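Architecture at a glance
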2 protein chains.
Amino acid sequence: MASKPKVTIHHIAEKLNITASTVSRALNDNPRISEITKKAVLKAAKQLNYQPNNIAAALRNGKSYIIGIIVPTADRAFFASVVRGIEEIANKLNYKVIICQSYDNYEKEVQTIDALLSARVDGIIASIGKNTENFDHYKRCHEKGIPLVLFDRTTDALEVSQVVIDDYLGAYKVVEHLILQGCRRIAHFTSPKKVSVFKERLRGYTDALRDYEIPFDEELIIKSNLQLEDGRTSMEKLLALKVQPDAVFSASDYGAMGALQVLKEHKILVPTEIAIAGFGNEPFTSFSDPALTTVDQFSLTMGRITAELFFEHFKGGDTKLVPQKTVLKPELIIRGSTLRKPGRLP
Amino acid sequence: MASKPKVTIHHIAEKLNITASTVSRALNDNPRISEITKKAVLKAAKQLNYQPNNIAAALRNGKSYIIGIIVPTADRAFFASVVRGIEEIANKLNYKVIICQSYDNYEKEVQTIDALLSARVDGIIASIGKNTENFDHYKRCHEKGIPLVLFDRTTDALEVSQVVIDDYLGAYKVVEHLILQGCRRIAHFTSPKKVSVFKERLRGYTDALRDYEIPFDEELIIKSNLQLEDGRTSMEKLLALKVQPDAVFSASDYGAMGALQVLKEHKILVPTEIAIAGFGNEPFTSFSDPALTTVDQFSLTMGRITAELFFEHFKGGDTKLVPQKTVLKPELIIRGSTLRKPGRLP
DNA sequence: TTTTTCTGTTGAGTGGTTGCATGGGTAAGG
DNA sequence: CCTTACCCATGCAACCACTCAACAGAAAAA
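Residues numbered from 1 in each chain as written. Chains lettered and ligands numbered in written order. Predicted model: local features only at pLDDT ≥ 70, side-chain atom pairs only at ≥ 80, totals over all residues. Heavy atoms only, no water.

1. Some details on the relation of the copies chain B and chain A
- Between the two copies, chain B and chain A, the superposition gives an RMSD of 0.1 Å; the rotation angle is 180° and the shift along the axis is 0.0 Å. Put plainly, the chains are arranged around a two-fold axis.
- When you check the interface residues of chain B against chain A, 100% turn up at the interface there too, and the contact is symmetric in its surfaces. (Least-squares fit on C-alpha atoms with pLDDT ≥ 70 in both. Contact = heavy atoms within 4.5 Å.)

2. Here's the deal with the protein's contact with DNA strand D
- Taken together, the neighbourhood of DNA strand D is formed by 28 residues, with T22 and T37 of chain A together with S24, Y50 and R60 of chain B sitting nearest.
- Within 4 Å of the protein, the contacting atoms of DNA strand D are drawn from sugar and phosphate to the extent of 58%.
- One nitrogen or oxygen atom from the side chain of S24 of chain B is found 2.4 Å from a phosphate oxygen belonging to DNA strand D.
- Only helix 2 (20–27) and helix 4 (54–61) of chain A together with helix 1 (9–16), helix 2 (20–27) and helix 4 (54–61) of chain B provide two or more residues apiece to the surface near DNA strand D. (Near = heavy atom within 4 Å. Polar contact = N/O pair within 3.5 Å; in protein donor to acceptor, adjacent residues only side chain to side chain. Helix = DSSP H or I, 4+ residues; strand = E, 2+ residues; numbered from the N terminus.)

3. A short note on the sheet that holds strand 7 (residues 221–223) of chain B
Residue and element names in this part refer to chain B.
- As summarised here, the arrangement of the four strands in space is 7-6-8-9, forming an open sheet in which the pairing is parallel. Looking along the sheet, the strands with just one partner apiece sit at the ends: strand 7 and strand 9 (275–277). Across this sheet, the average inter-strand angle for adjacent strands is 15°, counted without regard to direction.
- One ladder, built from three bridges, connects strand 6 (residues 186–190) with strand 7; its direction is parallel. Opposite H188, over in strand 7, you have I221 as the bridge partner. (Pairing = 2+ DSSP bridges. Axes fitted to C-alpha atoms, helices over the stretch in contact; angles between N-to-C directions.)

4. Details of the protein's contact with DNA strand C
- In the vicinity of DNA strand C lie 27 residues, with Y50 and R60 of chain A together with T22, R32 and T37 of chain B positioned nearest.
- Here, DNA strand C places atoms within 4 Å of the protein, and 56% of those atoms are sugar or phosphate.
- Contact distances for DNA strand C include 3.1 Å between a base oxygen and a side-chain N or O atom of S21 of chain B.
- R25 of chain B places a side-chain nitrogen or oxygen 3.1 Å from a base oxygen of DNA strand C.
- For the surface near DNA strand C, the elements supplying multiple residues, two or more each, are helix 1 (9–16), helix 2 and helix 4 of chain A together with helix 2 and helix 4 of chain B.
- For the surface near DNA strand C, the leading source of residues is helix 4 of chain A, giving four residues.

5. Here we look at helix 1 of chain A
All names here are of chain A.
- Looking only at helix 1, the buried set comprises I9, I12 and A13. The arc that holds the buried residues of helix 1, viewed along the axis, is 100°, so those residues lie on one side. Opposite its buried face, helix 1 presents the exposed residues H10 and E14, each directed more than 90 degrees away.
- Buried-residue contacts for helix 1 involve helix 2 and helix 3 (35–48).
- N17 occupies a position one or two residues after helix 1 and carries a positive phi of about 60°. (Buried < 20%, exposed > 50% of the residue type's maximum accessible area, 1.4 Å probe, protein only. Arc of directions from axis to C-beta.)

6. Description of unusual backbone geometry
- A cis amide bond links V270 of chain A with the next residue in sequence, P271 of chain A, at an omega value of 5°.
- Tracing the backbone through its elements, the reader meets P271 of chain A in the loop between helix 11 (253–265) and strand 9 (275–277).
- Backbone geometry places D29 of chain B, a non-glycine residue, at a positive phi of 60°.
- Positionally, D29 of chain B belongs in the loop between helix 2 and helix 3 (35–48).
- Residue D29 of chain B is classed as exposed on the basis of its relative accessible area, which comes to 54%.

7. Here we look at the interface of chain B and chain A
- Tallying the contact residues gives 52 residues for chain B and 52 residues for chain A.
- Summed over both partners, the interface of chain B with chain A comes to about 5,000 Å²; 51% of that surface belongs to carbon and sulfur atoms.
- One can count four salt bridges joining chain B with chain A.
- Applying the counting rule to chain B against chain A returns 19 residue pairs in polar contact (both at pLDDT 80 or more).
- Counting residues per element, the ones that place at least two in the side of chain B that touches chain A are helix 4, helix 5 (77–92), strand 2 (96–101), helix 6 (106–118), helix 7 (136–144) and helix 11 (253–265) of chain B.
- Across the side of chain B that touches chain A, the residue classes tally to 23 nonpolar, 16 polar and 13 charged. (Buried area = accessible area lost by both parts, 1.4 Å probe. Salt bridge = Lys/Arg side-chain N within 4 Å of Asp/Glu carboxyl O. Nonpolar A, V, L, I, M, F, W, Y, C, P; charged D, E, K, R; others polar.)

8. Comments concerning the environment of I186 of chain A
- Within the fold, I186 of chain A resides in strand 6 (residues 186–190).
- Sequence spacing of I186 of chain A and P330 of chain A is 144 residues, and the spatial spacing of their C-alpha atoms is 21 Å.

9. Looking at the packing of helix 1 of chain A against helix 2 of chain A
Residues and elements named next belong to chain A.
- Put simply, helix 1 and helix 2 touch, their axes get as near as 8 Å, and they point 110° apart. By the angle class used here, helix 1 and helix 2 are roughly perpendicular. Between helix 1 and helix 2, the residues in contact are I9, H10, I12 and A13 and A20, V23, S24 and L27, respectively.
- Its residues placed into classes, the contact of helix 1 with helix 2 shows six nonpolar, two polar and no charged. (Parallel < 35°, antiparallel > 145°, perpendicular 65-115°, else oblique.)

10. Considerations on the pattern of salt bridges
Residues and elements named next belong to chain A.
- Taken as a whole and assessed by the stated rule, the structure comprises 42 salt bridges over all chains.
- Put simply, K38 and E35 hold a salt bridge, and the shortest N to O gap is 3.7 Å. Residue K38 and its partner E35 are both found in helix 3; the two are separated by three residues, about one turn of the helix.
- Residue K38 is classed as buried on the basis of its relative accessible area, which comes to 8%.
- For E35, a relative accessible area of 51% corresponds to the exposed category.
- Among the ionic contacts, a cluster of salt bridges with common partners joins R185, D217, E219 and K242.

11. Concerning the domain arrangement of chain A
- What the domain assignment reports for chain A is domain 1 (1–49), domain 2 (62–164 + 299–327) and domain 3 (167–297 + 332–344).
- Computed over C-alpha atoms, the centres of domain 1 of chain A and domain 2 of chain A are 36 Å apart. (Domains from an automatic or database assignment.)

12. Let's talk about the packing of aromatic side chains
- Counted according to the given criterion, the structure contains 26 aromatic pairs over all chains.
- Between F249 of chain A and F279 of chain A the ring centres are 6.4 Å apart and the planes differ by 40°, which places this aromatic pair in the tilted class. Remark: F279 of chain A occurs in the loop between strand 9 and strand 10 (294–296) and F249 of chain A occurs in strand 8 (residues 247–250); sequence separation between them is 30 residues. Of the two residues examined, F249 of chain A and F279 of chain A, each falls in the buried class.
- One aromatic cluster in this structure is built from Y65, Y95, F310, F311 and F314 of chain A.
- The ring centre of F314 of chain B lies 4.3 Å from the NZ or CZ of K63 of chain B, which sits over that ring. (Phe/Tyr/Trp six-rings, centres within 6.5 Å; stacked < 30°, edge-to-face > 60°. Lys NZ or Arg CZ within 6 Å of the ring centre and 35° of its normal.)

13. Observations regarding the sheet that holds strand 9 of chain A
Residues and elements named next belong to chain A.
- The strand order across the open sheet formed by four strands is 7-6-8-9, and the pairing between neighbours is parallel. Whereas interior strands pair on both sides, the edge strands pair on one side only; in this sheet they are strand 7 (221–223) and strand 9. Direction aside, neighbouring strands of the sheet carry axes that sit 15° apart on average.
- The sheet strands contacting helix 9 (residues 196–211) are strand 6, strand 7 and strand 8, and the helix crosses strand 6 at an angle near 170°.
- Across the sheet, helix 11 lies against strand 6, strand 8 and strand 9, angled at about 160° from strand 9, the strand it touches most.

14. Here we look at the environment of E200 of chain B
Residues and elements named next belong to chain B.
- Mapped onto the elements of the fold, E200 is located in helix 9 (residues 196–211).
- Judged by relative accessible area, which is 27%, E200 ranks as partly exposed.
- Taking the C-alpha atoms as reference points, E200 and Y168, 32 residues apart in sequence, are found 4.8 Å from one another.
- Ignoring anything within four residues of it in the chain, the contact list for E200 reads D167 and Y168.

Right, here's the structure in full:
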C-alpha cells in the first residue's frame, strides 16, 4: 500500500494538547465543548487528513447507521425504483444503505441475512426470493431484535410490517379491461411458486372471470418462471391448444413480452386476434410494438413508504411495534397491446 | 426491541470454562485448537444462538471484508450486470459487496466515497458519474491506501487500474456498418460531458467517416444527456434540418430508442428512410420494432475482470501495484433498425 | 533432566464514546 | 473579604467484541 497514516482522534488530541474525549465531543458537536476548541479540532482534523472510523464508533454505540436491503435482483426496474425510494428517505435520516441481491436463490438469501446480522446493520428491508419457502432466517432478525420490514414479495408467516400493492385488484382490473375489450378466452401466465403476489394475481384473474360469468378453463393457466423465454414457451403451448385464447394476461411483463414476440413471429395480430397484458410496468413495456398494457406498481412510492414504516421502529424507542400491512393501489396502464376498441379508456 | 441477548464469545467462554481467545480461535478454525474444543465451542455457539460481530473483528483486524461499489445507477442493465460479475468473484473470495448509487450526482459521489472510507471498506470499485470533473475524492482513496479500480466510466487523470471496453472500436464498427448499409448522412447523439466513453465513441464515429471519405457535418452532432426524452428532442432537431440524415448513431440505447419513437410517430420508415443504432445492448433494444442495432459491452465479463484486477491488490502484499488498463473488445449486434440490405451480415 | 510439542491463557490493543470526576472560575451569601 | 455553591470545559478510564503476540503448564520426546 502506498501510505497508511491512520490518523485517529488521539493524534488530533496530541497535536492540540487535549484528550481524545474532547476531540470526540468536538467532532460530534457536543454542547459541552467550547466553540474555540471545536474550531481548533476541526482545523487540526482537516490538516491531519483525519478520516473518522465508523467501525470503532459502531462498535462502541452498537449502532452502525447502515440498513441492509435484500432484493432478488437490483436490475429489475421495479426493485431498482423501490431501492431508490428507500435510499431517499434513509439518506435524509443519515442512514446508509447496503444493497444485496439474493438472485432468487434461497441459500444466498440465508447467507445474506447472516452476513447483514454479523455486519450489525441497524435493520433489514427485504423482498423475499421466489424460491424461499422457509422463513427461519428472517425470524432470526426478530430474535436478535433487529427491525425487519418486507415489501412486495412478502409473507404472512412472519410477524413483520410489510408494504405491498394490491395485486388482486391490479389483476382484476386487467382482466376486467380485457373482458370489456371483448375477450372471452383469457389465458394467464403465473408462477408455480408459493409467492403471494402471484397467488393474488391469479385470484384477481379468477374472480374477474367469475364476476363476468366467463368460465374458468384450467388449460389456460400456464405456470412458469415468468421470464422472457418462459413467456415464449408458454405462448407456444397456448397456440398448440385446440381452441386458442383471445387474450393473455401474464403475471409479469417479461412473460408478456415473450408472448408478444412469439405472436409476432407467427404473424398473429396483437391485439386484434390475441390481446396481451403484463404486470409491473417495466420501462420496456412502452417500447414494444404494440406497447404493452400493464399494471403500474408505484415502486418509488412503495420504497418511500417502506422506509418510513421501517424508521418507525427507531422512533418509538423500545416500545414493541405492532406489525403493519400497508397496501397500495396499483394503476392499470392501457396501451396498444389490448386496445381493440379505439378511444375506449375506462 | 423484542430481545437483545447480545451473546459474545465471552459468554461462550464462560459456559465452557475456557477463555475468549480460545473461543475466537476455535470459531476461526485455528489449528492450535484441538478438535474436541472446537466441537464444543461450535455446539455452545449454536446453543446460545451466537452471532459473530464483524464490527469488532473488523476494528481489530483493520479489515472488513467489504468492498464498496459505486455506480451511477444500479438499474441500468449494464451496471447491474457488471455488479453481478464483481459480486461473483468477490463472494468466491469471501468478500461482501456494498452497492452505492451516485445517481450521476457529483456531491453524492463525494459523500459516498467519504462514507465508504469511514465505513472502512477494504477497497472501492467505481464507475465515475457523468457530472464529475474533479477527482480529488478518488485521490483520497489512494492517500488512505485503500485500493481503487475504475470501470467503464474512467479517467486517466488518476493513477489507478481501469477496465473499459474499446468504445472507439465499437463506435467505429457501428458507423462502418451504417456506411456499408448505404447510409451517407449519419447523425450522432453524444454527451456534452467530459466522459471518456462518449469522447471515444465520437472519435470512432469521426474516424469511420473519414476512412470512408464521408464529410463530417457539425450539425449532425447532437449533444444531450442521452436519455429517452433527450433522444426524442434530438431526433426532432434532426428532422428540422434542411437536409435530414439517413442514419442516427446514438451513443446510448436510450437515446436511440427515443429517436426510434419519434420516427415512428412521424411515420418515417426505419431503417429504409432513416437507420438507427444505439450503444450498450440494453435488454429493451431487442424488444422494439424494429429491434435496435447496438453494441454489446460484455458487462458480466467486465465485472469479473474488474474484480480480478481489484483483488490483485491484495495478493502482492505491500508491493505497489502498477496501474493497469484493460481494454475489452465490444461486439456489434446487428438488428432490424439498420438492416437495409437483407441477409447482409458482415 | 532437558527440550519440544500441544493446548490453552493472559493481557494488551483496535478507535471512538461516555459516565463520572476534576479543577478553575465566578457569583452569591455570610 | 472569605466561604460555599455551582457551572463550565475538559480529563480519566472503562467499555464495545474480538484478535493475537507472548507466555505457561503439562505431556511427550530426547
